[in-house]
Amino acid sequence: MTKNKAIIFMLLCFTLIVSACGTKPAATTADKPATGGDAAATTPASKDSKLEQIKKAGKIVLGTSADYPPYEFHKEINKKDEIIGFDIEIAKEIAKDLGVTLEIKDMKYEGLLAALDSGNIDFILAGMTPTEERKKNVDFSKIYYTAIQRVAVRAEDKDKYKSIDDLKGKKVAGQKGATQEKIIKEQMPDSELKALGKISDLMLELKNKKVEALVVEQPVAEAYLSKNKDLVLADIKLSTEDSGSAIAVKKGSSDLVEAMNKTLDRLMGAKSIDKMVAEANEQVDTQ
Ligand code: ARG
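These remarks concern the structure in this document.

About the thresholds
- Residues numbered from 1 in each chain as written.
- Predicted model: local features only at pLDDT ≥ 70, side-chain atom pairs only at ≥ 80, totals over all residues.
- Heavy atoms only, no water.
- Pairing = 2+ DSSP bridges.
- Helix = DSSP H or I, 4+ residues; strand = E, 2+ residues; numbered from the N terminus.
- Expected span 1.5 Å × (residues − 1).
- Buried < 20%, exposed > 50% of the residue type's maximum accessible area, 1.4 Å probe, protein only.
- Arc of directions from axis to C-beta.
- Axes fitted to C-alpha atoms, helices over the stretch in contact; angles between N-to-C directions.
- Parallel < 35°, antiparallel > 145°, perpendicular 65-115°, else oblique.
- Contact = heavy atoms within 4.5 Å.
- Nonpolar A, V, L, I, M, F, W, Y, C, P; charged D, E, K, R; others polar.

1. Topic: the sheet that holds strand β2 (residues 67-68)
Taken in spatial order, the 3 strands line up as β2-β3-β4 in an open sheet, and their pairing is antiparallel. Each edge of the open sheet carries a strand with a single partner, namely β2 and β4 (80-84). In this structure, β2 lies alongside strand β3 (residues 72-77), joined through 2 bridges in antiparallel fashion. Its bridge partner being in β3, D67 is matched across the sheet by F73.

2. As for helix α10 (residues 272-283)
With 12 residues, α10 extends 17 Å from end C-alpha to end C-alpha; this agrees with the ideal 16 Å at 1.5 Å per step. Listed as buried for α10 are S272, I273, M276, V277 and A280. The buried side chains of α10 occupy one side of the element, clustering within an arc of 140° when seen end-on. Of the exposed residues in α10, those oriented more than 90 degrees away from the buried face are K275 and E282.

3. A short note on the packing of helix α9 (residues 254-269) against α10
Running from N to C, α9 and α10 point in directions that differ by 75°, and their axes come no closer than 5 Å. Here α9 lies roughly perpendicular to α10, going by the angle between them. Facing L264, L267 and M268 of α9, the residues of α10 in contact are S272, I273 and M276. Looking at side-chain class alone, the contact of α9 with α10 contains 5 nonpolar, 1 polar and no charged residues.

This is the structure:
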């Protein structure tokens, strides 16, 4: 019996050792879901939709390129430099409807999409056209305003440059990163494209005879030309497709787009955007 007991005892010990070895891998596997569980616990917060994140933060950050009257531009008001324009008025209405404050970041047009992607800004209002190419990387609201493309030239050259052909081999300018760059490449393939970051610099290039023509959207051209009598709109016809403006947000923010479209519907329904455009035009003073 004692011998038997000893054998049973030894067997028990052996089983214990084996099962102890067995528990090791079992414990590791059991650890894994636990770690996964930890990660999952933090995800709900970061899984907040963009709209929820904005509401929690109590502010929304607008990215714009304020070289684009009457859309957005700088003006000294009460000795203070302010960014105004009808895009800014729309942005204010969006912030108001969301119940948050509006912060504005002014940057070069060509840098806006990257800033949206990195989360540096929450939305773009900058006369941005919702092209198919851009739609691959960002979401757009509905179009809130449509303009046509025009060609600006020096007043003395108006009779010299009457068609795209007349600009063959000549330098034509457009804003860097803007659809105008593509329009020049595609519709004026025999002209030489000069792309610069700011519309004001492009206007100077034209005035200073560094380029022969400038492709720009009509309202913007008119805003600059009203103060620059040496520049005029040429009779050159360009295709006007792809010239609407929409709000851009980070891809996948469908609830934010929906909220913004509601604000746009309200403003367009009341013809408020037309009024905002007219008011912005009255405030334009570009030298
Ligand atoms: N509509 C053009 C585009 O989408 C030009 C917009 C330029 N906007 C500006 N704020 N400079 O590329």
